[in-house]
Amino acid sequence: MSGSPNEPPSPSATRPFSPTCGALGQEARGGGGGGSEAVRPRVIAIDGPAASGKSSTAALVAHRLGWAHLDSGALYRAVTLAVLDNLGEPGALKESLAVPGSGATWPVQQIVALAEELPVRLVLVRDVFRPEVAGVDVEEPIRSDRVTRRVSEIAAIREVRHWVNVQQREAVLGHPRGVVVDGRDIGTVVFPDAPVKVFLTASPAERARRRLAQRGGRI
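Report on the accompanying structure. (Residues numbered from 1 in each chain as written. Predicted model: local features only at pLDDT ≥ 70, side-chain atom pairs only at ≥ 80, totals over all residues. Heavy atoms only, no water.)

1. Quick word on the overall build of the chain
A count of helical and extended segments in the chain gives eight helices and ten strands. Expressed as a percentage of its 219 residues, the buried residues of the chain come to 41%. The contacts in the chain between residues at least 6 apart in sequence include a share of 76% that link residues at least 24 apart. A total of about 11,400 Å² of accessible surface is found on the chain, and carbon and sulfur atoms cover 53% of it. (Helix = DSSP H or I, 4+ residues; strand = E, 2+ residues; numbered from the N terminus. Buried < 20%, exposed > 50% of the residue type's maximum accessible area, 1.4 Å probe, protein only. Contact = heavy atoms within 4.5 Å. Areas by Shrake-Rupley, 256 points an atom, 1.4 Å probe, with all protein chains shown as cover.)

Take a look at the structure:
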């Protein structure tokens with residue numbers, strides 16, 4: 001790899017991702033006989049426990065390669081922010097969602113429908129996928145304490161995880177070069193066929209130091 005981590009990323013247009021853009025659906029011409037082979041996305045999957053340095057490492061690798069960076073935790077946080085802002089914040093969100101007939105403020109499917117309708121989406125800004133809610137960049141508000149307190153509960157919902165995984169796959173397939181993606185289960189569930197997988201670890205003391213420095217951190 002070449003380049004310096006201190007160099008500013010090259011500017012690029014801000015654009016939302018669509019399932020029809022970039023490499024998605026394209027085919028690469030194969031040799032002999034006029035056959036074709038579906039384009040496979042170029043992706044590096046970085047996994048590991050919380051506060052192990054996944055995002056900072058992924059951002060550096062993406063910059064050095066000239067690829068894009070996608071932090072999966074940011075999308076979960078964006079969905080959580082959308083839920084709290086539009087559907088309210090019950091006193092016991094997890095229990096309300098998990099137990100039928102418990103007086104849930106909204107059904108699980110309403111969360112996914114909300115994410116689709118607002119929409120919650122990823123937008124590429126200077127080779128970094130940033131989350132938007134209803135057309136507004138939410139990179140700052142998704143790091144708030146109120147989102148941090150609830151994001152693990154929203155992320156534990158199977159339907160939400162499936163929806164987020166689909167958004168990530170479409171973003172990677174739509175990128176013309178390659179994407180470094182970090183997050184939990186990235187290399188095992190989201191991109192099991194990624195040609196490069198990294199599992200980062202850190203000592204408990206280092207993870208605690210990172211978590212404290214993050215003031216709420218990432219999932």
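On we go.
2. Comments concerning the environment of V196
Along the polypeptide, V196 turns up in strand β10 (residues 196-199). Distance in space between the C-alpha atoms of V196 and I46 is 8.6 Å, their sequence separation being 150 residues. Not counting chain neighbours up to four residues away, the residues in contact with V196 comprise V43, I44 and A45.

3. Some remarks on the packing of helix α2 (residues 72-87) against helix α4 (residues 108-117)
At a minimum axis separation of 10 Å, α2 and α4 run at an interaxial angle of 105°. Looking at the two axes, α2 sits roughly perpendicular to α4. On α4, the residues touching V79, A82, V83, N86 and L87 of α2 are Q110, I111 and L114. When the residues that make up the contact of α2 with α4 are grouped by side-chain class, the tally is six nonpolar, two polar and no charged. (Axes fitted to C-alpha atoms, helices over the stretch in contact; angles between N-to-C directions. Parallel < 35°, antiparallel > 145°, perpendicular 65-115°, else oblique. Nonpolar A, V, L, I, M, F, W, Y, C, P; charged D, E, K, R; others polar.)

4. Structural notes on the pattern of salt bridges
Applying the stated criterion across every chain, the model contains ten salt bridges. The partner of R177 in a salt bridge is D127, with the nearest N and O atoms 2.8 Å apart. Of this pair, R177 sits in the loop between α6 (158-173) and β9 (179-182) while D127 sits in the loop between β6 (120-125) and β7 (128-133), and the two are 50 residues apart along the sequence. For R177, a relative accessible area of 33% puts it in the partly exposed group. The class of D127 is buried, set by a relative accessible area of 12%. A salt bridge links E139 to R143; the shortest N-O distance between them is 3.0 Å. (Salt bridge = Lys/Arg side-chain N within 4 Å of Asp/Glu carboxyl O.)

5. Considering the pairing of β7
As judged from the six bridges shared by β6 and β7, these two strands associate in the antiparallel manner. Pairing of R121 across the sheet is with E132, part of β7. From the end of β6 to the start of β7, which pair antiparallel, there are two residues, and R126 there has a positive phi angle of about 50°. One ladder, built from two bridges, connects β7 with strand β8 (residues 136-137); its direction is antiparallel. Within β8, the position partnered with V133 by the bridge is V136. Linking β7 back to β8 in an antiparallel pair, the connection comprises two residues, with A134 at a positive phi of about 55°. (Pairing = 2+ DSSP bridges.)

6. Observations concerning the pairing of strand β5 (residues 68-71)
Side chains of β5 alternate between two faces, with A68 and L70 and H69 and D71 buried alike. Here β5 pairs with β9 via four bridges, running parallel. Counted as the bridge partner of H69 is V180 from β9.

7. With respect to unusual backbone geometry
The omega angle of the peptide bond from L118 to P119 is -5°, so this bond is cis rather than trans. As for its position among the elements, P119 is in the loop between α4 and β6. Unusually for a residue other than glycine, A51 sits at a positive phi of about 60°. Along the chain, A51 turns up in the loop between β4 (43-47) and α1 (54-65). Taking the relative accessible area as the measure of exposure, A51 reaches 9% and is therefore buried. In this structure, R126 takes a positive phi of about 50° despite not being glycine. Position of R126 among the secondary structure elements: in the loop between β6 and β7.

8. Some details on the packing of α2 against helix α5 (residues 145-155)
The geometry of a pair of packed helices is captured by two quantities: the angle between their axes and the separation between those axes. Contact geometry for α2 and α5: axes closest at 9 Å, N-to-C directions at 105°. With respect to α5, the element α2 is oriented roughly perpendicular. Every residue of α5 that contacts α2 at Y76, R77, V79, T80, L81, V83, L84 and D85 is listed here: R146, V147, T148, R150, V151, I154 and A155. Split into classes, the residues belonging to the contact of α2 with α5 amount to nine nonpolar, two polar and four charged.

What is shown is where atoms sit, not what they do.
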